[in-house]
Amino acid sequence: ESLIYHLNLINDWFVFGSVGFRQKTDFKRMKLLFYKLIRPVEQNNKGQFVVRFEGDNIQRERHFHFLLGKRGLVTNNVEEIQKRLKERTIDLALSDYPEYEMCSTDFRPCNPKQSAIQYISKRAYDEKENLCGLGLDSCVQGLDWKMSHTLIKRLKDINREEFSHY
């Protein structure tokens with residue numbers, strides 16, 4: 001509930017992305033694969049994102065969903081961001097990241113009529129629970145997610161402003 005509340009405070013979600021790996025992928029490597037994908041579209045690693053890691057290689061293959069906010073990206077052109085993300089998956093597949101060779105991707109503009117939670121928050125009750133969430137903000141009850149430091153700072157500022165009159 002807290003995650004839902006906070007994600008709905010952000011009104012400039014810009015790009016939704018999803019990457020599914022068609023091979024067994026180590027959970028600890030998932031975070032690296034995500035960062036390798038998005039760093040080229042961020043300005044100085046200051047993008048605002050939330051990412052949700054799913055899959056247990058048993059019930060379903062590992063994959064992640066993410067939202068990028070407008071702030072901290074190299075451009076405000078959504079088509080350019082989509083293009084760069086697609087090109088990046090190809091570059092990664094040709095280098096030391098074979099997981100990207102057969103991956104499925106979906107990068108699209110966020111629909112402002114959909115809440116952030118509709119994009120990234122279904123609970124996976126049928127998957128084996130991951131308890132090796134080093135570096136994640138949550139890794140319990142099928143909710144494995146991470147927020148960027150810049151997004152956390154922004155949310156703290158919003159909350160501070162909202163509650164400052166009490």
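Counting from 1, residues in each chain are numbered in the order their sequence is written. Confidence filtering applies because this is a predicted model: local features only for residues at pLDDT of at least 70, side-chain atom pairs given and counted only at 80 or more, and all residues used for totals across whole chains, interfaces and linings. With hydrogens and water stripped out, all remaining heavy atoms of the structure feed into the side-chain values.

## Section: the confidence of the model for the protein
Logical step 1: Taken residue by residue, the protein gives an average pLDDT of 83. The fraction at 70 or more is 81%.
Logical step 2: Confidence of the predictor in every single residue is expressed as pLDDT, which spans 0 to 100. Where helices and strands are cited, they refer to DSSP runs of H or I of at least four residues and of E of at least two residues respectively, numbered from the N terminus. When pLDDT is averaged over each element of the protein, helix α3 (residues 78-94) comes out on top at 97 and strand β5 (residues 138-140) at the bottom at 53.

## What about the pattern of salt bridges?
Logical step 1: By definition, a salt bridge exists where a carboxyl oxygen of Asp or Glu is found within 4 Å of a side-chain nitrogen of Lys or Arg. Enumeration over the complete set of coordinates arrives at ten salt bridges.
Logical step 2: Of the charged contacts in the structure, one is a salt bridge between Arg84 and Glu80, with a shortest N-O distance of 2.9 Å. Of the two residues, Arg84 and Glu80 both sit in helix α3, four residues apart, roughly one turn of that helix.

## Concerning the pairing of strand β3 (residues 63-69)
Logical step 1: Counting buried residues along β3, seven of its seven residues qualify, which places the element largely inside the surrounding structure.
Logical step 2: On β3, burial covers both faces: His63, His65, Leu67 and Gly69 on one face and Phe64, Phe66 and Leu68 on the other are all buried.
Logical step 3: Only when DSSP finds a minimum of two bridges between them are two strands counted as paired. Across seven bridges, strand β1 (residues 13-20) lies against β3 in antiparallel orientation. By the bridge assignment for β3, Val19 is matched with Phe64. Exposure categories follow from relative accessible area, calculated using a 1.4 Å probe and restricted to protein chains: below 20% of the type maximum is buried, above 50% is exposed, and the middle band is partly exposed.

## Notes on the environment of Leu67
Logical step 1: With respect to the secondary-structure elements, Leu67 resides in strand β3.
Logical step 2: Each C-alpha atom, one on Leu67 and one on Ser18, is 9.0 Å from the other, the two residues being 49 residues apart in sequence.
Logical step 3: Setting aside chain neighbours within four positions, we find Leu67 in contact with Trp13, Val15, Phe16, Gln48, Phe49, Val50, Cys110, Ala116, Tyr119 and Ile120. Any two residues whose heavy atoms approach within 4.5 Å at even a single point are treated as in contact.

## Overview of the packing of aromatic side chains
Logical step 1: Each Phe, Tyr or Trp ring, with Trp reduced to its six-membered ring, pairs with another whose centre is within 6.5 Å; inter-plane angles below 30 degrees give stacked pairs, above 60 give edge-to-face pairs, and intermediate values give tilted ones. Considering all chains together, one arrives at eleven aromatic pairs under this definition.
Logical step 2: Plain terms: the ring middles of Phe34 and Phe64 are 5.5 Å apart, the flat faces sit at 85° to each other, and that makes the pair edge-to-face. Taken as a pair, Phe34 in helix α2 (residues 27-38) and Phe64 in strand β3 lie far apart in primary sequence, 30 residues in all. Pair check on accessibility: Phe34 and Phe64 agree, each one buried.

## Notes on α3
Logical step 1: Taking 1.5 Å of rise per residue, the 17 residues of α3 would be expected to cover 24 Å, and the 25 Å separating its terminal C-alpha atoms lies within 8% of that figure.
Logical step 2: Looking at α3, one finds that the buried residues are Val78, Ile81, Gln82, Leu85, Thr89, Leu92 and Ala93. Taken down its axis, α3 places every buried residue within 110° of arc, on the same side. Exposed side chains of α3 directed beyond 90 degrees from the buried face belong to Glu79, Ile90 and Leu94.
Logical step 3: Those residues of α3 that are buried are in contact with β1, α2, β3 and β4 (104-109).
Logical step 4: Polar contacts here mean pairs of N or O atoms no more than 3.5 Å apart (in protein, one a potential hydrogen donor and the other a potential acceptor; neighbouring residues in sequence count only if both atoms are side-chain atoms). Between the side-chain oxygen of the N-cap and the backbone nitrogen of Glu79 there are 2.9 Å, and the N-cap of α3 in question is Asn77. One fewer than the residue count of a helix, multiplied by 1.5 Å, yields its expected span. To be clear, the arc concerns the directions from the helix axis to the C-beta atoms.

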